[in-house]
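The lines below spell out each chain.
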Amino acid sequence: MDRIADIWGPRTPHARGTVWPARVDRHLQEGVAEEDVERWVRSACVLCSNGCGCEIAVRDGRMVGVRGVATDVVNHGRLGPKGLYGSWDWANSPDRLTRPLVRENGRLVETDWDTAMARIAEVSRRLLDEKGPLSHGFYTTGQLFLEEYYTLAVIGKAGLGTPHMDGNTRLCTATSAAAFKESFGTDGQPGSYTDIEHCDAIFLFGHNMPETQTVLWARVLDRTRADDPPKVVCVDPRRTKVAEEAERTGGVHLAPRVGTNMALMNGLTRELFANGRVDTAWVERHTLGVDDLRATVEPYTPEETARICGVDAEDVRRAARIFGESERVLSTVLQGFYQSHQATAAAVAVHNLHLLRGMIGRPGAGVLQMNGQPTAQNTRECGADGDLPGFRNWSNPAHVRELAELWNVDEMTIPHWAPPTHAMQIFRYAEQGSIGLLWISATNPAVSMPESARVRRILGGEQCFVVVQDLFLTETARLADVVLPAAGWGEKSGCFTNVNRTVHLSEKAVEPPGEARSDLDIFLMYADAMDFRDRDGAPLIKWRTPEEAFDAWRECSRGRPCDYSGLSYDKLRGPTGIPWPCTDEHPEGVDRLYGDGVFNTDPELCETYGHDLLTGGTVTPTEYRAKGPAGRAFLKGAPYVPPHEEASEEYPLLFTTGRTVYHFHTRTKTGRSRNLNDAAPDVWVELSVPDARRLGIAEGDRVRVESPRGAMEARARVGQVMEGAVFAPFHYGHWDLDEVVPEDFSRQANELTMTIWDPVSKQPYFKTAACRVVRVADGDGPAPAPTTTASRPVDPSVPPTRGGPGASTVAEVVDGFVPSYPNDPALPSGDTGHIAEVSAPGRS
Ligand code: SF4
């Protein structure tokens, strides 16, 4: 089976309330047969936030393939194209970094670890002496393991004492975390993937699930293609596969103008009030703020909503009716909301819909505020972003004291006098030089951050010493002062937690190449070089191995909402990943949160005292306590305000960016998978038919897209975006181009985007920018965009996207095997159905 052409694989439809059948997907390197595999090593896929349980095939000390784990609750054996073709292929690429590099006379030259680390430590010590800890900034990722994040968090917060630490999860998932905190008191995903098995309707808000989480979409299709399908409602300016499924299931496709999500959400919320679809008794018992919310949304009649958003008023009524009349709604949210105007307010508005209907914490009635990056959840939990570990509140002295006692340091060392610095501000400080050492691990801001030209200037400037640890010489690493070769997935051990709180252990399968070291070892090496000590003079970092780091983290999480105290490496070697909280009381974890209607809003428990969603102004501890939340969730609203940059005479179109199916992030891994790269080898720009006609642009023509900040050139796909919008994938940088990139344009979508961010989550906007499009030259063929996805062309003569000879995979549906796990709500009450006793396919 060619899983480039058939992205989601064969259907296994099943009725509501029954278990999603197992199907084991497998792909091995061309020329390797199953009997050639020497070992299968347990892991989970780290190419998107779905976190599918898998096993790595090893032969002759190399990774040669992958297969799904039938017993795993996340995927029941399935893998998508990125997991099958891209999770391991990059490891054998000849351009891996194998030795440290240091900049000498403007050029990066190879060196040894001692020299590289000595250079970092020397700069670090000098800056600490001269300027103190605020001279240090760390920009990490959504790709490392929990143990590595936690170690980095302790180094930064207790060793150095800098508040300047964030992840590139700020670009992908910060709004998810912020929205949870504003509504429920702390971060933590309330819903579960198993809600798909039980819901009557699925609302996808700015979430192109068929391309961003292909296995989850297969799970949805297996419900929508059965006899009693849930209705699908799609909110997206493009006609995605979700939109097609919405039409097929009797749902709705709402395509709001770019930057108007908040008006649409207010319109939907008003309809619940106007039609008496509010569970008033539940709202009274379990929430605060309903009257303010009702007043805020009152002006957004369906007609007013339609006027602002450019949608049909009747479609607004229909979507609200589906939400209001269904017993069990599952909502999912992603970048269409998070990276857009009024991000946190719009994401919180999804919570409001569920709270007003009392639809949270029971099977089928859930919210999944998705993560963009696979291990983003761990960055948030462990405090390697702008949070304190264990969802602790930086402005609650008792929480800071707990950490100081745990780490045996003075509590004044732990930065808590102001909010932690978010990524956009860290780069501003690096631009000004107040941050003199910026350490970037496993991410590529030269391509992924907005306003690329500015980011290149910051990274390449003399004002800041830049350290990069990564697998390859990325666009960012090329600008660094020191480059450290890191081990990747399958080359090191550690845990990670997917979007619905399921923790997996990923075991080391092979040795990393050359002198590459695990990220944990690199951080430990720095801690040794800097000789960080606790209050008693003992080494601050008391662990040496991933398992010891995990055990230290367990203690840090104990008693907090993300409690890992019942987990261990041994337990995670079982048949499935386990969702936190996992404790003595819940030894098999918890499938969904807030089933009792009690939220984490108690002032001594909550992670934040909250914000005004419109301005970002903070609620003081006193104001918060005066509300007396007592475990009730907050209903919070905000009026719609227009986006910062709207279409104008000079820039008449709206530019929006996004992720597409065959690539992940900036292609550091997926661009090195032949199968994935051949399917989408170069950037493209999508235009609607009317806009293309007006501009005289045909499929494949070369176009230049310009915003007030920069320009990109690409071939045009005349496709499915709404009129007035221009879409480009953000994956493409320059590492795989032979020619020198011109100064005044490139193929990066982020040349055009803005240095501007949401006032609450501080997530930058990638979805709203004004632009103009100019035709540059005739095309020599169709755009290099897939035909299998939302990027499909209107021109039917464009050849379909297919995999090559090496794209063959196996998808095995095994009769008679029904996956289950202890928390499976489809099991009859009282049946623990422990799957450890089940002999399952796809397990060694
Ligand atoms: S859905 Fe995500 S986690 Fe699962 S195989 Fe695909 S890329 Fe990997």
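Residues numbered from 1 in each chain as written. Predicted model: local features only at pLDDT ≥ 70, side-chain atom pairs only at ≥ 80, totals over all residues. Heavy atoms only, no water.

1. A closer look at the overall build of the chain
Thinking step 1. In terms of helices and strands, the chain carries 25 helices and 28 strands.
Thinking step 2. For 844 residues, the compact-globule estimate of 2.2 N^0.38 gives 28 Å, and the C-alpha radius of gyration of the chain, at 25 Å, lies within 12% of that figure.
Thinking step 3. Taken along the three principal axes of its C-alpha coordinates, the chain extends 65 × 65 × 60 Å.
Thinking step 4. Every one of the 844 residues in the chain was classed for burial, and the buried ones make up 67%.
Thinking step 5. Within the chain, contacts between residues at least 6 apart in sequence are counted, and of these 76% link residues at least 24 apart.
Thinking step 6. Accessible surface, the chain as shown: approximately 26,800 Å² in total, 48% of it carbon and sulfur.
Thinking step 7. Looking at charge distribution, the chain has the averaged site of its 89 positive side-chain charges lying 2 Å from that of its 116 negative ones. (Helix = DSSP H or I, 4+ residues; strand = E, 2+ residues; numbered from the N terminus. Rg over C-alpha atoms; globule rule 2.2 N^0.38 Å. Buried < 20%, exposed > 50% of the residue type's maximum accessible area, 1.4 Å probe, protein only. Contact = heavy atoms within 4.5 Å. Areas by Shrake-Rupley, 256 points an atom, 1.4 Å probe, with all protein chains shown as cover. Lys, Arg positive; Asp, Glu negative; His and termini not counted. Charge placed at Lys NZ, Arg CZ, Asp CG, Glu CD.)

2. Looking at the environment of G161
Thinking step 1. Positionally, G161 belongs in the loop between α3 (146–160) and β8 (165–167).
Thinking step 2. When the C-alpha atoms of G161 and H416 are compared, they prove to be 9.6 Å apart, with 255 residues separating the residues in sequence.
Thinking step 3. Leave out the neighbours within four places in its chain, and G161 touches P133, G156, T413, P415 and W417.

3. So, the UniProt feature "domain: 4Fe-4S Mo/W bis-MGD-type" (unreviewed entry) in the chain
Thinking step 1. Under the feature "domain: 4Fe-4S Mo/W bis-MGD-type" (unreviewed entry), the UniProt entry names residues 38–94.
Thinking step 2. Segment residues 38–94 splits into 11% helix and 35% strand. End C-alpha atoms: 23 Å apart. (UniProt positions renumbered as here; feature names shortened; annotations may be inferred.)

4. Points about the site of the ligand
Thinking step 1. Close contacts around the ligand come from C45, L47, C48, N50, G51, C52, L79, G80, K82, G83, T214 and V215, and that covers them all.
Thinking step 2. At the level of elements, α1 (81–86) and α6 (214–224) are the ones that each hand at least two residues to the shell around the ligand.
Thinking step 3. Considered class by class, the residues forming the shell around the ligand number six nonpolar, five polar and one charged. (Near = heavy atom within 4 Å. Nonpolar A, V, L, I, M, F, W, Y, C, P; charged D, E, K, R; others polar.)

5. Brief notes about the packing of aromatic side chains
Thinking step 1. Scanning the entire structure with this criterion turns up 23 aromatic pairs.
Thinking step 2. For the pair Y139 and F427, a centre-to-centre distance of 5.1 Å together with 85° between the ring planes defines the contact as edge-to-face. Here Y139 is found in strand β7 (residues 136–140), whereas its partner F427 is found in helix α17 (residues 423–432), with 288 residues between them in sequence. Like Y139, the residue F427 is buried in the burial classification.
Thinking step 3. Seen from their ring centres, Y594 and F599 are 4.8 Å apart, and the 40° between their planes marks the pair as tilted. Across this residue pair, the class does not change: Y594 and F599 are buried.
Thinking step 4. Among the aromatic residues, those joined into a ring-pair cluster are Y150, W543, F550, W553, Y564 and Y569. (Phe/Tyr/Trp six-rings, centres within 6.5 Å; stacked < 30°, edge-to-face > 60°.)

6. Some remarks on the pattern of salt bridges
Thinking step 1. This model, assessed by the stated rule, comprises 69 salt bridges.
Thinking step 2. Notably, a salt bridge pairs K181 with E607, separated by 3.8 Å at the nearest N-O pair. With K181 in helix α4 (residues 174–184) and E607 in the loop between β20 (578–579) and α23 (621–627), this pair connects stretches of sequence that are 426 residues apart.
Thinking step 3. Exposure remark for K181: the relative accessible area of 15% places this residue in the buried category.
Thinking step 4. Residue class for E607 comes out buried when judged on its relative accessible area of 4%.
Thinking step 5. Between R747 and D682 there is a salt bridge; the shortest N-O distance is 2.7 Å. (Salt bridge = Lys/Arg side-chain N within 4 Å of Asp/Glu carboxyl O.)

7. Looking at empty space enclosed by the protein
Thinking step 1. One pass over the structure, following the stated rule, counts six cavities of 30 Å³ or more.
Thinking step 2. In this structure, the largest cavity occupies an estimated 520 Å³ of space.
Thinking step 3. Q335, Q339, T657, G658 and K767 are, among the 36 residues lining the largest cavity, the residues nearest its centre.
Thinking step 4. Its residues placed into classes, the lining of the largest cavity shows twelve nonpolar, 19 polar and five charged.
Thinking step 5. In this structure, the second largest cavity occupies an estimated 300 Å³ of space. (1 Å grid on protein atoms, 1.4 Å probe; cavity = no way out; pocket = protein on both sides within 12 Å on 5 of 7 lines; lining within 4 Å. Points joined across faces, edges and corners; volume = space filled by probe spheres on them.)

8. With respect to the pairing of strand β4 (residues 62–68)
Thinking step 1. For β4, the buried fraction is high: six of the seven residues fall into the buried class.
Thinking step 2. In terms of strand pairing, strand β3 (residues 53–59) meets β4 through six bridges, oriented antiparallel. If you follow C54 over to β4, its bridge partner there is G68.
Thinking step 3. Hairpin geometry of β3 and β4 is characterised by an intervening segment of two residues between the two adjacent antiparallel strands and by a positive phi of about 50° at D60. (Pairing = 2+ DSSP bridges.)

9. Things to note about the layout of surface pockets
Thinking step 1. Counted as a void, the largest pocket has a volume near 610 Å³.
Thinking step 2. Together, 35 residues line the largest pocket, and K181, W394, P419, H611 and V760 are the ones closest to its centre.
Thinking step 3. Here the lining of the largest pocket takes five residues from α4, the largest share from any one element.
Thinking step 4. Residue composition of the lining of the largest pocket, by class: eleven nonpolar, 14 polar and ten charged.

10. Examining the nonpolar core
Thinking step 1. Ranked by internal contacts, the top residues of the largest apolar core, which has 144 residues, are F205, F655 and M712.
Thinking step 2. Filtering out sequence-adjacent residues up to four positions away, F655 remains in contact with V705, M712, V726, A728, A749, L752, T753, K767, T768, A769 and C771. (Core = buried A, V, L, I, M, F, W, Y, C linked by side-chain atoms within 4.5 Å.)

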